[in-house]
Amino acid sequence: MVISGLQPFSKGWFHWNQLNGYLMPKVLNTDLLNMTMIISRILSNDVIKISGGIQPSSNVYLIKSRNALIDLGSKQNSKEIIRELKKYVSLENIDVVVFTHLHADHTGNPLIFNNAKFYASKEELDSLNTPLNFADTGTLKKINLNELKKSITGLKVIKSPGHTAGSICLWKEDDKILFTGDTLFRTGAIGRTDLPTSMPKKMKGTLLKLAKFDYIEIAPGHNLEHERIL
Ligand SMILES: [Zn+2]
């Protein structure tokens, strides 16, 4: 794992409050953390990762140079996610929100972002009409969801069917970060393919496609093994 722009952390134990803005040291057993706590971490000079909270919820990524967000976590964690985001950006400055897919644990509370345009893949937009798609359809119909093209806000869009029909990954070439949604996790695990809009037969092709990217960082939708994942 290569991460730039991090401040070194001290060895050993420290108070929970000191975790904000710092990478959790590997020696720290994450099972001991109170996982209702939301924390932010610096992935690169341009990317902030916000994770944790009441589960199920997803990681939220801020691309600072583009005023863009990837996924929004879940609605139940909105207040805390916003608190973390405000350390780095004003909400009214968020121009773009990209959803890796439309499961409710990734789409949070989009109504908070008054000036943002929202994006998901065509296949994912179509799936909103599928019963049991695990989306907060009511809220998503209140925002103007735009169809993703080949790139968005400087990120390459990679169609990644498997977990859902319209899942996408995003490639940030300058940082060599691959945002993988619920397709691939850092442990090497892959997302569930037994959900109503999953396409299990497509997952292998998707993973082979991802393997071609020379990423130095995978930025998934979920990071801890005991998180509940949709
Ligand atoms: Zn999902």
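Read on for a plain summary of the structure.

Rules behind the numbers
- Residues numbered from 1 in each chain as written.
- Predicted model: local features only at pLDDT ≥ 70, side-chain atom pairs only at ≥ 80, totals over all residues.
- Helix = DSSP H or I, 4+ residues; strand = E, 2+ residues; numbered from the N terminus.
- Buried ≥ 20, exposed ≤ 12 C-beta atoms within 10 Å, placed from the backbone.
- Contact = placed C-beta atoms within 7 Å.
- Pairing = 2+ DSSP bridges.
- Axes fitted to C-alpha atoms, helices over the stretch in contact; angles between N-to-C directions.
- Core = buried A, V, L, I, M, F, W, Y, C linked by C-beta atoms within 7 Å.
- Arc of directions from axis to C-beta.

1. Some points on the overall build of the chain
Scanning the chain from terminus to terminus reveals 5 helices and 12 strands. Burial status across the chain gives 41% buried among its 230 residues. Residue pairs at least 24 apart in sequence account for 60% of intrachain contacts in the chain once pairs closer than 6 positions are excluded.

2. Considerations on the sheet that holds strand β6 (residues 117-120)
Overall, mixed pairing links the 7 strands, which are arranged β1-β2-β3-β4-β5-β6-β7 in an open sheet. Since the sheet does not close on itself, it has two edges, and those belong to β1 (38-42) and β7 (145-147), each with one partner. In this sheet, adjacent strand axes meet at a mean angle of 25° when their direction is disregarded. Each of β1, β2 (47-52) and β3 (60-63) is contacted by helix α1 (residues 78-85), which is oriented at about 30° to β1, the strand it contacts most.

3. Looking at the nonpolar core
Counting residues in hydrophobic clusters, the biggest one holds 44 residues, and the most contacted among them are Y61, L69, V97, V98, L170 and F179. Looking at which element gives the most residues to this core, the answer is β3, with 4 residues. Not counting the four nearest positions on each side in its chain, V98 is found in contact with A68, I70, Y119, I152 and L170.

4. Details of the sheet that holds strand β11 (residues 177-181)
Pairing in this open sheet of 5 strands is mixed, and the strands run β8-β9-β10-β11-β12 from one edge to the other. Of all strands in the sheet, those with a lone pairing partner are β8 (151-152) and β12 (217-220), marking the two edges. Pairing geometry for β11 and β12, over 4 bridges, is parallel. For G181, the partnering residue across the bridge sits in β12 and is P220.

5. Quick word on the pairing of β3
Looking along a regular strand, one sees side chains alternate from face to face of the sheet. On β3, burial covers both faces: V60 and L62 on one face and Y61 and I63 on the other are all buried. Direction of pairing for β2 relative to β3: antiparallel, over a ladder of 4 bridges. Looking across to β3, one finds that I48 is bridged to L62. Adjacent in sequence and paired antiparallel, β3 and strand β4 (residues 68-70) are bridged by 4 residues, among which N67 carries a positive phi angle near 50°.

6. Section: the environment of L207
Among the secondary structure elements, L207 is positioned in helix α5 (residues 203-211). Along the chain, L207 and G162 lie 45 residues apart, while their C-alpha atoms are 9.2 Å from each other. Apart from the residues lying within four places of it in its own chain, the contact partners of L207 are L184 and I190.

7. Let's talk about α1
Of the positions making up α1, those classed as buried are I81, E84 and L85. Down the axis of α1, the sector holding all buried residues measures 100°, keeping them to one side. Residues of α1 that are exposed and point over 90 degrees away from its buried face: K79 and R83. Taken together, the buried residues of α1 touch β1, β2 and β3.

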